[in-house]
Amino acid sequence: MSSTTEYRPKTSTGRIADFVDTRVGASQIVKEFGRKIFPDHWSFMFGEVALYTFVILLISGTFLTFFFDPSMAHTTYNGSYNPLKGVQMSVAMASTMDISFDVRGGLFMRQVHHWSALLFVAAVSVHMLRVFFTGAFRRPRELNWVVGGTLLVLAMAAGFTGYSLPDDLLSGNGLRIIDGVIKAIPVVGTFISAFLFGGEFPGTAIVGRLYMLHIMLVPAMILLMIGIHLFMVVVHKHTQYRGPGRTNDNVVGFPVGPVYAAKAGGFFFIVFGIVAAISGFFTINPIWNYGPYDPSPVSAGTQPDWYIGWVDGALRLMPGVLGNFSFEWIIPFPWGDNNLILNVLLPMVPAAILIGAMFAWPWIERWITKDNREHHLLDRPRNAPFRTGVGVAGVIWYCVMWCAASSDLIATHFHVSLNDVTYWLRALFFLGPILGFIVARRIALSLQRKDREIVLHGREAGVIEMSPEGGFSEQHVALDEYKLYKLVSFESHEVLPPEADRVGHVTRSEKARGAISKFFFEDRVAPVTPAELEAAHGHHAPAIEASSENASIER
């Protein structure tokens, strides 16, 4: 008969940990998660920056919540900033001024919050671009791509609701644009505006309602999306770049504990330190220079934050009339006429197209390529010219609208006509994405041809040799196995012509898919085959095996 001795920790900390572990099984969770392998590549750090800046946002936002009063009631400012003493403003504006000048560390925390918000949206955006250009959204990660897109939209929503809270001149102008767009909706627009603002703009309720969204609903949804995103990363395993020993069935990298956890912890403090340094040295959103919001004057030079500017830019690009055609329509109803202001509503269409295409792209690409396999290895952007061209076209389209939000500043700073700036940006709005797609695709194909040339003939050594006959040539050096693997290991989609269905009919959808497939993949560069490599070098292609003393492999 055998007996087991129950483990009894000797320290109080150990006893507490043992108590928790025996009730919830935390050790198994930590053990399982600590064994997860994550690849180590600099481009994966953008997702970490987004996570860390969100943590900084939560910390700094909690501090600011203790001192901010989201009331639009009128008061007279009597704080430490003398130029605004005796000025009528809202309680929200006055409390923000008090945070900036009368609360110890308040201005620093305000700027930490604002700078980290800008960096959060930027990190999410760049992370999404990395995922798109490398093909990390493909099966089985389509839903995770949707979660990431939702995170991006929520990040912009969090930023907009946040910078609208101080009720200063800048934030009031942004809310005025939103009010104009809402009122352009036929029939119900004025009612929605009155409900949202608590009366005629600016109303009495908008700051309090945005405050609830900013500190409760939006952060809760962001936390939910982050949790779902990290859960899916653990379930699906992390994607990795192609290399020796890396396949769709394993992950080569470092375990979470203790290697990756230590590196991630150190990186968090680096990000925190950089944000703190920027916040300490560079002023952002100086509301004391703008003053309280007054809807009566027209303000020039006001600019929204960059992640909202593209929507404002689309509004600025839209003409009111086109020749003799007016974009303002009068629609008769039994109770009277209603105006349909298309030059305010139509600029929302590009935003809807851009966001909608972003969400739908995994299924669009699958439909074009008919590739429904699981993909755990990433593409180099040059090896997916069609996707790279589409991505560059979307970025250019976004940047043109974003640039249009500063059309007045461009005109004044460069001493050019505002009308000329608008006309050029309108032309780029249509031609820029097309040119960007063509140029990016041709560059990607050229880089593929260059890679093929390097694989077959080696890289230039910079040494010029003279032959016995007097000719000159440059010496070439063969690539090492890792570099060779990187240049030859990729998939190149071929044109898939329309296919008939079971009854022999070729549907219109299939014809369209075939035409798009031909447009995207007619020009392609095939990877170097082992036979070509053997013919070029006169021997078999070298075997490529994984060799790393410090790397771990998860299967």
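Analysis parameters
- Residues numbered from 1 in each chain as written.
- Predicted model: local features only at pLDDT ≥ 70, side-chain atom pairs only at ≥ 80, totals over all residues.
- Heavy atoms only, no water.
- Helix = DSSP H or I, 4+ residues; strand = E, 2+ residues; numbered from the N terminus.
- Buried < 20%, exposed > 50% of the residue type's maximum accessible area, 1.4 Å probe, protein only.
- Contact = heavy atoms within 4.5 Å.
- Areas by Shrake-Rupley, 256 points an atom, 1.4 Å probe, with all protein chains shown as cover.
- Lys, Arg positive; Asp, Glu negative; His and termini not counted.
- Charge placed at Lys NZ, Arg CZ, Asp CG, Glu CD.
- Core = buried A, V, L, I, M, F, W, Y, C linked by side-chain atoms within 4.5 Å.
- 1 Å grid on protein atoms, 1.4 Å probe; cavity = no way out; pocket = protein on both sides within 12 Å on 5 of 7 lines; lining within 4 Å.
- Points joined across faces, edges and corners; volume = space filled by probe spheres on them.
- Pairing = 2+ DSSP bridges.

Chemist: Before we move on, can you summarise the overall build of the protein with the specific residues and values?
Modeler: A count of helices and strands for the protein gives 20 helices and 13 strands. Counting only C-alpha atoms and orienting by the principal axes, one finds that the protein spans roughly 90 × 85 × 65 Å. When the 555 residues of the protein are sorted by exposure, 43% land in the buried category. Relative to all contacts within the protein whose residues are 6 or more apart in sequence, the contacts with residues 24 or more apart total 74%. On the protein, roughly 30200 Å² of surface is accessible, and the fraction owed to carbon and sulfur atoms is 65%. Looking at charge distribution, the protein has the averaged site of its 44 positive side-chain charges lying 4 Å from that of its 46 negative ones.

Chemist: How would you summarise the nonpolar core if you had to cite specific residues and measurements?
Modeler: In this structure, Phe120 and Ile222 are the most contacted members of the largest nonpolar core, which totals 82 residues. For this core, the element with the most residues is helix H5 (residues 106-134), which contributes 12 residues. Ignoring sequence-local partners within four residues, the contact set of isoleucine 222 consists of Phe54, Phe120, Leu151, Leu154, Ala155 and Ala158. Formed by nine residues, the second largest nonpolar core is a distinct cluster that contains Tyr77, Met89, Ala94 and Ile287.

Chemist: Break down empty space enclosed by the protein for me, with residues and values.
Modeler: Taken as a whole and judged by the stated rule, the model has four cavities of 30 Å³ or more. In this structure, the largest cavity spans a volume of roughly 140 Å³. Along the walls of the largest cavity sit 17 residues, with Asn383, Ala384, Pro385, Phe386 and His493 positioned nearest its centre. Broken down by element, the lining of the largest cavity gets its largest block of residues, three residues, from helix H15 (residues 385-404).

Chemist: Please give an account of the pairing of strand E11 (residues 459-466) that cites residues and values.
Modeler: Bridge count for E11 against strand E12 (residues 472-477) is five bridges, and the pairing is antiparallel. Each residue of the ladder has a partner; that of isoleucine 464, found in E12, is glutamate 474. As consecutive antiparallel partners, E11 and E12 are separated by five residues, and within that stretch glycine 470 has a phi angle of approximately 100 degrees, a positive value.

Chemist: Describe the pairing of strand E9 (residues 336-341), with residues and values.
Modeler: Direction of pairing for strand E8 (residues 328-333) relative to E9: antiparallel, over a ladder of six bridges. Opposite isoleucine 331, over in E9, you have asparagine 338 as the bridge partner. Counted along the chain from E8 to the antiparallel partner E9, the turn is two residues long.

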